[in-house]
Amino acid sequence: MSEPQILIVGAGPTGLTLSLELARQGIRHLIIDINPRSTDSKATVLHPRSQELLSRHGLMSDLGSIGVVLVGSSFYANKQEFWGMDFEALAMHDTQYRLPMMITQPQLEKAIEDKLEHRYNLSVSRGVRAENVIQDDDGVSVTLKSVDGKEKNQRFQYVVGCDGAHSVVRKAAGLQFKGGSYQQEFLLADVKMNWALEREKKHAFLGYGFLLALPMPGGYTRLLMSRAGHTSGEGKEPTLQDFQDAATEFIPGKPTVSDPAWISRFRLHHRNVENYRVGRLFVGGDAAHIHSPSGGQGMNTGIQDAMNLGWKLASVLRKQTLNPEALLNSYSTERHKIGINLVNTSDRAFEFLATGNPFILFFRNRILPLIVPWLPANKPMLVHRYRTISQLAIRYRNSEVVKTGTGYYGTLKAGDRAPDGKTKDYGEDYLLDYCTEGIYYLVLFPAKDTPAGEVLKFRILAEKNPEWKVHTVNDPSQALRDLYGLKQAVYVLIRPDWYISHIGPFSAIDELEDWAESHAAGGK
């Protein structure tokens, strides 16, 4: 068997997703982790965008059978509900996956590992750590050291650090990890709850501290709480009684907690690297950004880091781009900004929840619940907020590897996520169900009066780019065209991670061809 081209250090959700994407692309790689598969997890939620991307690998049918769909959220103060969100009322119509799914990190990791083994005959090399990671112009030298003391020196074309907050790869790349720590102590438990509240919702209870309750698979509820006034390292080890006391204090009625599957105390950090790439070394997931659990963004962001990087590494290794440096640099350009925004926004939200400031506590617990019910409903704002949390709003319009053609006036731009919708051209299936092969898809939306010869020109162009596949959408109902906001004959080049690489009117075909020669996989 040929030597692996890429080393992935770390087999959490980010590393496993990257391995799955590289396997889909036919790239030889090795994935290692010093630890056995985790049985505990702070990560709990798969947002719609992550579900959408994992569906490319046929995972959602497996995960859907064990996950719990989250239908809304409720906020309480003084045991009274003062605000809530109905996710189903806010859900988007441009995706098959409209609602968050609660699932444990070990369950997700097992599903991905099973897919790697059964579809690609790949497995994680556990009990192995990377040491002496040294890059040069031609590759990266790494010492692979097993827990039994055996060592092996090996060369790789690229190394990707998905190895968490203490990343070996990040340190080898000389990247800083600036940020800080929350001073509060946080407690977590998975328990059985006997209470009167709706199970399929997230419930947030405010008081002197806070308590979050999240539905989990297997009939469990995840409880996350802060003990106001306690800083990390202080206080006794948590017990089930601590959670019963919190439930009694925060939750209306007479709730009881029992049968703990996991109880833990932990400290939270917020940090970011300054770049996701240094030469042949890359970082992603918690090796690149760590933050509060507000909004359940962390695991999902790591998954999307991996999806963004995987196909780009594959394109470069297969020599299917004439500008490999631009393509690899675009990983950091596109994802670094997302990581920074994530840390900043989750920090603000979590500080509001976890604050010990007496003035803020008084406003949050006493004044805010009186004001919020009287505020007029602002559905567009709520939809935007929900879309942001779902990560469907992420876009890369400033990326150096995307372009919008001259004369295009639609709402979608290059760098935006490609919407998904039903079209009668393919029965009642969704468009993106036909875009799962890990290649570029050139989707054509001709107008009713577009000559057949104009469509043929795009098919001829696609023949010059073997990693492109063409779909022509005639869509008699106009539903998909309306979803894309199109008013003219338009082409949309969708890249493997389902973002738009190039979009424009049919008249901009020469611009698409010029772009393909320098950027697209399968250029001339």
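Turning our attention to the pairing of strand β24 (residues 440-445). Burial within β24 is extensive, with 6 of its 6 residues counted as buried. Burial along β24 is two-sided: Y440, L442 and L444 facing one way and Y441, V443 and F445 facing the other are all buried. Alignment of β24 against strand β26 (residues 490-494), held across 5 bridges, turns out to be antiparallel. Looking at the pairing, L442 lines up with L493 of β26.

For the rest of this paragraph, the subject is unusual backbone geometry. Trans peptide bonds make up most of the peptide bonds, and negative phi angles are found at most residues other than glycine. Within the chain, N132 stands out as a residue other than glycine whose phi angle is a positive 50°. Mapped onto the elements, N132 comes out in strand β9 (residues 128-135). Located in the positive-phi region is D259, a residue other than glycine, with phi close to 50°. The residue D259 is located in strand β18 (residues 256-266) in this model.

As a further point, take the sheet that holds strand β8 (residues 125-126). Taken in spatial order, the 6 strands line up as β8-β2-β1-β12-β21-β20 in an open sheet, and their pairing is mixed. Each having just a single partner strand, β8 and β20 (277-278) make up the two edges of the open sheet. Each of β1 (6-9), β2 (29-33) and β12 (158-161) is contacted by helix α1 (residues 13-24), which is oriented at about 165° to β2, the strand it contacts most. Sitting on the sheet, helix α8 (residues 298-317) is in contact with β1, β12 and β21 (281-283), with an inclination near 175° to β12.

For the rest of this paragraph, the subject is α8. A rise of 1.5 Å per residue sets the reference length of α8, with its 20 residues, at 28 Å; its end C-alpha atoms lie 29 Å apart and thus fit the reference within 8%. Among the 20 residues that make up α8, 20 are buried, leaving the element largely enclosed by the rest of the structure. Phi for K319, located one or two positions after α8, is positive at around 55°.

As summarised here, the arrangement of the 3 strands in space is β9-β10-β11, forming an open sheet in which the pairing is antiparallel. Whereas interior strands pair on both sides, the edge strands pair on one side only; in this sheet they are β9 and β11 (151-156). On average, each strand axis in the sheet is inclined to that of its neighbour by 25°, with strand direction left out of account. Judged from the 6 bridges that link them, strand β10 (residues 140-146) and β11 form a sheet pairing that is antiparallel. Within β11, the residue paired with K145 across the bridge is E151.

All right, on to the pattern of salt bridges then. Tallying each qualifying case throughout the model produces 25 salt bridges. R37 is paired through a salt bridge with E113; the nearest N and O atoms lie 3.0 Å apart. Here R37 is found in the loop between β2 and β3 (45-46), whereas its partner E113 is found in helix α5 (residues 105-120), with 76 residues between them in sequence. Given the relative accessible area of 12%, E113 is considered buried. Across the salt bridge formed by R397 and D416, the nearest N and O atoms sit 2.8 Å from each other. In this pair, R397 is assigned in the loop between α11 (379-389) and β23 (403-404) and D416 in the loop between β23 and β24, connecting sequence segments 19 residues apart.

One finds L63, W468 and Y484 to be the most contacted residues of the largest nonpolar core, which totals 107 residues. The dominant element in this core, judged by the number of residues it contributes, is α8, at 10 residues. A189, W195, F243 and V257 belong to the second-largest nonpolar core, a separate cluster that totals 18 residues.

Turning our attention to the environment of D190. With respect to the helices and strands, D190 occurs in strand β14 (residues 184-194). Residue D190 is classed as buried on the basis of its relative accessible area of 10%. On a C-alpha basis, the gap between D190 and D259 in space is 8.4 Å, while along the polypeptide they are 69 residues apart. Setting aside residues no more than four positions away along its own chain, D190 makes contact with Y220, T221, R222, D259, P260, A261 and W262.

Tallied over the entire structure, the rule returns 14 aromatic pairs. Here a set of aromatic residues connected by ring pairs shows up, and it is made of Y158, Y276, F282 and Y331. Above the face of the F177 ring, R170 is positioned so that its terminal group lies 3.9 Å from the ring centre. If you follow R280 out to its NZ or CZ, it ends over the ring of Y158, 5.2 Å from the centre.

The rules behind each value
Residues numbered from 1 in each chain as written. Predicted model: local features only at pLDDT ≥ 70, side-chain atom pairs only at ≥ 80, totals over all residues. Heavy atoms only, no water. Buried < 20%, exposed > 50% of the residue type's maximum accessible area, 1.4 Å probe, protein only. Helix = DSSP H or I, 4+ residues; strand = E, 2+ residues; numbered from the N terminus. Pairing = 2+ DSSP bridges. Contact = heavy atoms within 4.5 Å. Axes fitted to C-alpha atoms, helices over the stretch in contact; angles between N-to-C directions. Expected span 1.5 Å × (residues − 1). Salt bridge = Lys/Arg side-chain N within 4 Å of Asp/Glu carboxyl O. Core = buried A, V, L, I, M, F, W, Y, C linked by side-chain atoms within 4.5 Å. Phe/Tyr/Trp six-rings, centres within 6.5 Å; stacked < 30°, edge-to-face > 60°. Lys NZ or Arg CZ within 6 Å of the ring centre and 35° of its normal.

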